[in-house]
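# Chain and residue survey
What follows is the residue order along each chain.
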Amino acid sequence: MKALVLSGGAGTRLRPFSYSMPKQLIPIANRPVLVHVVDNLRAVGISEIGIVVGDRAEEIRSVLGDGSSLGVRITYVQQDSPRGLAHCVVIAREFLGDDDFVMYLGDNMLPGGIAEVAAAFQARRPAAEVVVHKVADPRAFGVAEVDAEGRVTALVEKPQTPVSDLALIGVYIFTPAIHEAVAAVGPSARGELEITDALQWLVARDAEVHAHLHTGYWKDTGQVEDVLECNRELLKAVHPRIDGEVDGQSELIGPVVIEEGARIVRSRIIGPVIVGAGTLVEDSYVGPHTSLGADCVLRTAQVEDSIALSGATVQQVRVRASLIGRSAAVSLAAPEGLNRLVVGDHTRVEVAAG
């Protein structure tokens, strides 16, 4: 079995970060979303992965390379512009051949992995296995109608009046039957080749499309709030580790990871927290659910429930529930601090007290 990971979207909901980096490379628990995706695929024995990329291809290549550092082999499939999920299958035909494959949206996080759905597919091998999750408002998703045996009877893309609360969440497993389906459908009203249309084409011809209900944690990391929530979830699994330096005047409480080259000076850290390689935390407090990337600097700062990307600097400020971009600088002399701060890459924020 192979995998096709879709990473060509523009990420408009994650601006300003997606102006300067692909949304699929946003780090969660200090590892890019795409690396988490590759981990899940490798865990079910998949080593051949095709990644559909758009105009940010070189940035993705610079992180993943040929996949050897992650224990897989990566083939890049260039897409000229976003034309729908089914279009990704069309342009990846040569890579996919006649193998079964997992199609995985590159901005989706399933920390529990995909072993259950892979096993379900292997046990019955329908034409397609789709992963669904119950959501409060299905109108933003492809929606599946499913019978008592789990067989899909209808699919609709982003319906105004949903037929069920079962949303397609971005993981599918296909047999080669999908190739005929994507070739048979035309563009939707929004001008894209929809995978839901291709799946409906299979359903209409009595091919078996089966739904696997995912009851564990799942998140589409398309917005800042989603990224922060997912970071909290992944940090729950952190195991304490100190590879850097912690001086005698500092205190670490709970699960805290101090990566190589990081220095903790006269500071207090309450986990779960990850402090990235080369980062300096001095005269500061770092609270739970915080990920500090590599080579950050915290001086006389308080940071909690936040993500600071590599090279960020935070000084004389209290920051909570915030996302701070690469090489951004935030400083403030006001005692009330900042809540829900979003700072893009290479941005300087200075707010004077009073």
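## With respect to the overall build of the chain
Within the chain, the secondary structure is distributed over nine helices and 33 strands. Expected size for 354 residues packed as a compact globule is a radius of gyration near 20 Å; at 22 Å, the chain falls within 12% of this value. Expressed as lengths along the three principal axes of its C-alpha atoms, the size of the chain is roughly 70 × 40 × 40 Å. For the chain, the residues scored as buried account for 55% of the 354 residues in total. Here the analysis covers contacts within the chain between residues at least 6 apart in sequence; of these, 48% occur between residues at least 24 apart. Entry remark: accessible area of the chain is about 15,000 Å², with carbon and sulfur atoms responsible for 47%.

## Looking at helix α2 (residues 33–43)
Most of α2 sits inside the fold, with nine of its 11 residues counted as buried. Residues V33, L34, V35, H36, V37, V38, D39, N40 and L41 constitute the buried set of α2. Positive backbone phi, at 90°, marks G45, one or two positions downstream of α2.

## A word on the packing of helix α7 (residues 177–184) against helix α8 (residues 195–204)
Where α7 meets α8, the axes come as close as 8 Å, and the angle between the chain directions of the two elements is 115°. Classified by the angle their axes make, α7 and α8 are roughly perpendicular. The interaxial crossing formed by α7 with α8 has right-handed handedness. For the pair α7 and α8, the contacting residues are A177, I178, E180, A181, V182 and A184 in the first and I195, A198, W201 and L202 in the second. Across the contact of α7 with α8, the residue classes break down as nine nonpolar, no polar and one charged.

## Some points on the layout of surface pockets
Roughly 420 Å³ of internal volume is contained in the second largest pocket. In this structure, the second largest pocket is lined by 18 residues; those nearest its centre are A29, R31, H36, L234 and A237. Among the secondary structure elements, those contributing two or more residues to the lining of the second largest pocket are α2 and α9 (224–235). In terms of residue class, the lining of the second largest pocket is built from nine nonpolar, four polar and five charged.

## A closer look at the nonpolar core
Soluble globular proteins: nonpolar side chains tend toward being buried together. Core analysis: the largest hydrophobic core is formed by 53 residues, its most contacted members being V5, L41, I49, I51, L64, V102 and Y104. Once residues within four sequence positions are removed from consideration, V102 is found in contact with M1, K2, A3, L4, L41, I46, I114, V171, Y172 and I173. Counting residues in each nonpolar core, the second largest holds 37 residues, with V77, A181, L193 and V209 among its members.

## A look at the pattern of salt bridges
Counted under the stated rule, the structure contains 25 salt bridges. The shortest N-O distance in the salt bridge between E208 and R124 comes to 2.5 Å. Placement of the pair is E208 in the loop between α8 and β12 (209–213) and R124 in helix α6 (residues 115–124), with a sequence separation of 84 residues. Across the salt bridge formed by R268 and E251, the nearest N and O atoms sit 3.0 Å from each other. You can see R268 sitting in strand β19 (residues 268–270) and its partner E251 sitting in strand β16 (residues 251–253), a full 17 residues away along the chain. Taken together, the shared-partner salt bridges connect E157, K158, R190, E192 and E194 into one network.

What counts, and where the lines are drawn
- Residues numbered from 1 in each chain as written.
- Predicted model: local features only at pLDDT ≥ 70, side-chain atom pairs only at ≥ 80, totals over all residues.
- Heavy atoms only, no water.
- Helix = DSSP H or I, 4+ residues; strand = E, 2+ residues; numbered from the N terminus.
- Rg over C-alpha atoms; globule rule 2.2 N^0.38 Å.
- Buried < 20%, exposed > 50% of the residue type's maximum accessible area, 1.4 Å probe, protein only.
- Contact = heavy atoms within 4.5 Å.
- Areas by Shrake-Rupley, 256 points an atom, 1.4 Å probe, with all protein chains shown as cover.
- Axes fitted to C-alpha atoms, helices over the stretch in contact; angles between N-to-C directions.
- Parallel < 35°, antiparallel > 145°, perpendicular 65-115°, else oblique.
- Left-handed = near helix turned anticlockwise from the far one by under 90°.
- Nonpolar A, V, L, I, M, F, W, Y, C, P; charged D, E, K, R; others polar.
- 1 Å grid on protein atoms, 1.4 Å probe; cavity = no way out; pocket = protein on both sides within 12 Å on 5 of 7 lines; lining within 4 Å.
- Points joined across faces, edges and corners; volume = space filled by probe spheres on them.
- Core = buried A, V, L, I, M, F, W, Y, C linked by side-chain atoms within 4.5 Å.
- Salt bridge = Lys/Arg side-chain N within 4 Å of Asp/Glu carboxyl O.

The values are spatial; any link to function lies outside them.
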